[in-house]
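Residue strings, one per chain:
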Amino acid sequence: MKEMIILIPIFLPIIAGLVLRNIPSMKENRKIRDCYLMFFLTAELILVWAMMLKNGLAIDLFTIVDDVKIRFCIDPLAMWFTGMVSVIWWVVGIYSLEYMKHAKKEQSYYTFYLISEGVLCGLIYAGNLVTLYMFYECMTLLTMPMVLHDRTRRSVAAARKYMFYSIFGASCALGGIILLYVNAPSIIFTPGGVFDEASFALHPTMYLIIAAVMIVGFCGKSGMFPLHSWLPTAHPLAPAPASAVLSGIITKMGVVAVIRTVFYIFGADFLRGTWVQIMWMILATITIFMGSMMAFLEPSMKRRFAYSTVSQVSYILLGLSTMSLEGLTGSFLHVIFHSMAKIVLFLTAGVIIYYTGEKKVPNLSGIGKQMPIVMVPFTVAAASLVGVPFFSGFISKEFLAHGTLEAGVPYLQYITPIVLLISATLTAGYLFPIVIDGFYPKNEKKVYTKINVDPKMWGSLIILAVLTIAIGVFPNPLSHFVEAFVELLL
């Protein structure tokens, strides 16, 4: 059956990871292991992008019980997220080849790195709520080893916290899935939702409560208040490439789950203007401000970037909560723009730790003179996150600001743009001083010795920085594609 090809991008990296784990020679020979890793990451990249030619392809793999099936499908949402995941996983994989020499336990890390990519593809290709939930929980279990990679007491405690918050949020969503299976017309993802006016009117209060619980539960993976505190605890203790994908990719899987729930099951028409939308907007707005403020006050480099993720991912959630054309367009664009920029930040932190051992922001004076080839991409990423014109982040934040006004929610339509401006100011306050003090240190007489950074590390940063600038200068092809897709959801 031609539909079976959907399964290849899901199971190829899973099988490759399991094989890697059980070949002793891979543990002893780094060169062979590195080639093995990059071969399968490249193959996955090619497969995922080839799947974009198969829009509409779907397969019911098997039936669990009654009419509950494990279902996969390829649609524009799946293309958007799998395309991003495959590119980022490949770029960070190149970086990892050098960094993991420092972090040790390379074979274990690469095993879970490969398997996790396959699970992420399964989650994104999921065609109904049950399939999504199964892969969502598998994602948590298989990314947890990245957090406890060092096996220290702190990393184990961080992994436990990550597990607790993730499983609690997923359990909330599971309760909603069970109720929807019993009462909703369908749990198969359908653009615009599965309800019509008559079916939603049967139990409107129950459906709104289910929607609220599922949104909060799934948004826990994205670091939205009140399920946010795992993120600044877990990210700093993971190896830098793991921190990068946790922040840039794994948090976005909560976004995928929320999009599927709101726009493919409930439908924006039945949630727009309700207390569910207001609650969602308020929680996202609180998280944006809180994350920015905590990042501004945090002296630890990786914790600062983790708090920044708490704030920046909630930009995406805020745009989704507006349920407006411009708000959703801004959210989809910011999914990619934030991923590129934040991964550059965490990978830069990894380079600094790898070569200098420094982890505190106040100790980074002159780092730009020591590592200009690393700090230039960092500067590009910082400008994008702040929302400086001609960088990609400016485009998405412009759409998001207009989307909050377009939503027309009383009071919030004025409060949220103000919070976005405050957050942008705070973002500049916690990122640009690193750049300024890095290139123009206070101690001007001190001589800084340049550090020769491995090309695999700075090359990954430059790839992402160039993409950040290119999309910022030429945003129209991407934004037009997103707008056309978003119209189908609304």
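Residues numbered from 1 in each chain as written. Predicted model: local features only at pLDDT ≥ 70, side-chain atom pairs only at ≥ 80, totals over all residues. Heavy atoms only, no water.

(A) Fine view of the overall build of the protein chain. Helices and strands together make up the secondary structure of the protein chain, namely 21 helices and two strands. Expected size for 490 residues packed as a compact globule is a radius of gyration near 23 Å; at 22 Å, the protein chain falls within 12% of this value. Taken along the three principal axes of its C-alpha coordinates, the protein chain extends 75 × 55 × 45 Å. Across the 490 residues of the protein chain, 61% fall into the buried class. Taking the contacts inside the protein chain whose residues are at least 6 apart along the sequence as the reference set, 81% of them involve residues at least 24 apart. (Helix = DSSP H or I, 4+ residues; strand = E, 2+ residues; numbered from the N terminus. Rg over C-alpha atoms; globule rule 2.2 N^0.38 Å. Buried < 20%, exposed > 50% of the residue type's maximum accessible area, 1.4 Å probe, protein only. Contact = heavy atoms within 4.5 Å.)

(B) View of the pattern of salt bridges. This model, assessed by the stated rule, comprises ten salt bridges. When the shortest N-O distance is used, the salt bridge between Asp 75 and Arg 260 registers 2.8 Å. Remark: Arg 260 occurs in helix 11 (residues 240-266) and Asp 75 occurs in the loop between strand 2 (68-73) and helix 4 (76-103); sequence separation between them is 185 residues. Take Asp 75 and Arg 260: they sit in the same class, and that class is buried. Put simply, Glu 98 and Lys 101 hold a salt bridge, and the shortest N to O gap is 3.1 Å. Of the two residues, Glu 98 and Lys 101 are both situated in helix 4; the distance of three residues between them amounts to about one turn of the helix. A residue is classified by how much of its surface remains accessible, and Glu 98, at 7% relative accessible area, is buried. Here the salt bridges share partners, and the residues they tie into one network are Glu 98, Lys 101, Asp 454 and Lys 456. (Salt bridge = Lys/Arg side-chain N within 4 Å of Asp/Glu carboxyl O.)

(C) Fine view of unusual backbone geometry. Phe 225 connects to Pro 226 through a cis peptide bond whose omega is 15°. Tracing the backbone through its elements, the reader meets Pro 226 in the loop between helix 9 (204-219) and helix 10 (230-234). Positive phi values are uncommon outside glycine, yet Phe 390 reaches one of about 75°. Here Phe 390 shows up in the loop between helix 17 (372-386) and helix 18 (392-407). With phi around 70°, Tyr 411 is a residue other than glycine that occupies positive phi space. Relative to the assigned elements, Tyr 411 resides in the loop between helix 18 and helix 19 (412-439). What makes Tyr 411 exposed here is its relative accessible area of 65%.

(D) Geometry of the nonpolar core. The biggest cluster of nonpolar side chains holds 175 residues, and the ones touching the most others in it are Phe 81, Leu 180 and Phe 266. Considering each element in turn, this core owes the most residues, 18 residues, to helix 11. In contact with Phe 81, other than residues within four places in its own chain, are Ile 124, Lys 252, Met 253, Val 255, Val 256, Ile 259, Phe 332 and Val 335. (Core = buried A, V, L, I, M, F, W, Y, C linked by side-chain atoms within 4.5 Å.)

(E) Focus on the pairing of strand 2. Examined bridge by bridge, strand 1 (residues 58-65) and strand 2 share six bridges and lie antiparallel to one another. Paired with Thr 63 across the two strands is Lys 69, which belongs to strand 2. (Pairing = 2+ DSSP bridges.)

(F) Layout of the packing of helix 3 (residues 30-50) against helix 5 (residues 106-125). Between helix 3 and helix 5, the shortest axis-to-axis distance is 11 Å and the interhelical angle comes to 10°. Between helix 3 and helix 5, the angle is such that the two are roughly parallel. Contact with helix 3, carried on its side by Arg 30, Arg 33, Asp 34, Tyr 36, Leu 37, Phe 40, Leu 41, Glu 44 and Val 48, involves Glu 106, Gln 107, Tyr 110, Tyr 113, Leu 114, Glu 117, Cys 121 and Tyr 125 of helix 5 and no other residues of that element. (Axes fitted to C-alpha atoms, helices over the stretch in contact; angles between N-to-C directions. Parallel < 35°, antiparallel > 145°, perpendicular 65-115°, else oblique.)

(G) Spatial organisation of the environment of Gly 127. Tracing the sequence through the fold places Gly 127 in the loop between helix 5 and helix 6 (129-147). Looking at Gly 127, the relative accessible area reads 0%, which means it is buried. Residues Gly 127 and Ile 250, 123 residues apart in the sequence, show an inter-C-alpha distance of 19 Å. The contacts of Gly 127, once residues within four sequence positions are left out, are Arg 71, Phe 72, Cys 73, Ile 188 and Phe 189.

(H) Highlighting helix 1 (residues 8-21). Between its terminal C-alpha atoms helix 1 stretches 20 Å, which fits the 20 Å expected from 14 residues at 1.5 Å a residue. Within helix 1, burial applies to Pro 9, Ile 10, Pro 13, Ile 14, Ala 16, Gly 17 and Leu 20. The buried residues of helix 1 occupy an angular sector of 160° when projected down its axis, which confines them to one face. (Expected span 1.5 Å × (residues − 1). Arc of directions from axis to C-beta.)

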